[in-house]
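Each chain is listed here by its residues.
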Amino acid sequence: MLLTTIALGACSDAPSNVVGGGALFDAAPPVAPPTGCATGGGSTWADLYRDCFGPGHADCSGAAGCHASAGDTGTSFSGFLCGPTKDECYAGMVGKDSLVPMGGSKTPETTRLYSALRKAPPAASPPRAMPNNSGFEFDADALRRLRTWIQNGAKND
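Residues numbered from 1 in each chain as written. Predicted model: local features only at pLDDT ≥ 70, side-chain atom pairs only at ≥ 80, totals over all residues. Heavy atoms only, no water.

*Asks:* What should I look at first to understand the packing of aromatic side chains in this one?
*Replies:* For any two aromatic rings, the description comes down to two numbers: the centre-to-centre distance and the angle of the planes. Under the counting rule described, the total for this entry stands at six aromatic pairs. Note on W45 and Y49: the rings are 6.0 Å apart at their centroids and 45° apart in plane angle, and the pair reads as tilted. Residue W45 and its partner Y49 are located together in helix α2 (residues 45–53), separated by four residues, close to a single helical turn. Of the two residues, W45 and Y49, both sit in the buried class. Counting every residue linked through ring pairs, the aromatic cluster contains W45, Y49, F53, Y90, F138 and W149. (Phe/Tyr/Trp six-rings, centres within 6.5 Å; stacked < 30°, edge-to-face > 60°. Helix = DSSP H or I, 4+ residues; strand = E, 2+ residues; numbered from the N terminus. Buried < 20%, exposed > 50% of the residue type's maximum accessible area, 1.4 Å probe, protein only.)

Right, dumping it as structure tokens:
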């Protein structure tokens with residue numbers, strides 16, 4: 001009994017107040033990860049990165065680290081290195097032997113990027129599509145925006 005009283009006394013400033021501030025648990029429900037691109041945006045690279053590929057969305061170089069560095073699994077498999085910024089992600093996505101040819105394409109559906117994207121709810125088994133291991137999918141609006149960007153030259157705009 002004495003040992004318990006000493007331990008409790010070390011963690012409180014009064015018999016009923018716990019020191020350290022803040023609630024003992026977070027009562028707010030967890031934030032669900034996004035399941036698709038933010039809607040209603042434009043078809044520039046800045047729009048697509050903000051709404052689809054950057055932090056808070058598919059996040060190619062985010063927490064999963066699939067395309068953040070040369071040693072990541074996604075980078076090793078595809079050669080696509082996103083990097084932590086909009087410009088670095090663009091540089092890894094567009095160019096010779098990249099996911100989107102420099103100058104875009106009149107047939108966006110034939111690009112490596114377009115063919116790699118998940119366009120339906122994730123399947124329980126392969127074939128897998130990007131982003132891997134998530135519930136994220138590119139809906140018709142996001143795919144239309146992406147096609148427009150590629151057809152308009154895939155510029156870093």
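*Asks:* Would you mind going over the state of the cysteines with me for this structure?
*Replies:* Working definition of a disulfide: a covalent bond connecting the sulfur atoms of two cysteines. Applying the stated criterion to the full structure yields two disulfides. Here C37 connects covalently by a disulfide to C52, the sulfurs 2.1 Å from one another. The sign of the 130° torsion about the S-S bond sets the C37-C52 disulfide as right-handed. Pair noted here: C37 is in the loop between β2 (17–18) and α2 and C52 is in helix α2, with a separation of 15 residues, a long-range link. The burial state of C37 is the same as that of C52; both residues are buried. The partner cysteine of C82 in its disulfide is C89, sulfur to sulfur 2.3 Å. Across the S-S bond of C82 and C89 the torsion is about -105°, and the bridge reads as left-handed. When sorted by exposure, C82 lands in the same class as C89, which is buried. Take the cysteines of the protein chain that form disulfides and number them in order along the sequence; they join up as 1-2, 3-4. (Disulfide = S-S within 2.5 Å.)

*Asks:* I would appreciate a short explanation of the packing of α2 against helix α6 (residues 140–151) in the present structure.
*Replies:* If you want to describe how two helices pack, look at the angle between their axes and the distance between the axes. Between α2 and α6, whose axes approach to 10 Å, the crossing angle comes to 150°. It follows that α2 is roughly antiparallel to α6 by the angle criterion. For the pair α2 and α6, the crossing hand works out as left-handed. Together, W45, D47, L48, D51, C52 and F53 of α2 and A142, R145, L146 and W149 of α6 make up the contact between the two elements. (Axes fitted to C-alpha atoms, helices over the stretch in contact; angles between N-to-C directions. Parallel < 35°, antiparallel > 145°, perpendicular 65-115°, else oblique. Left-handed = near helix turned anticlockwise from the far one by under 90°. Contact = heavy atoms within 4.5 Å.)

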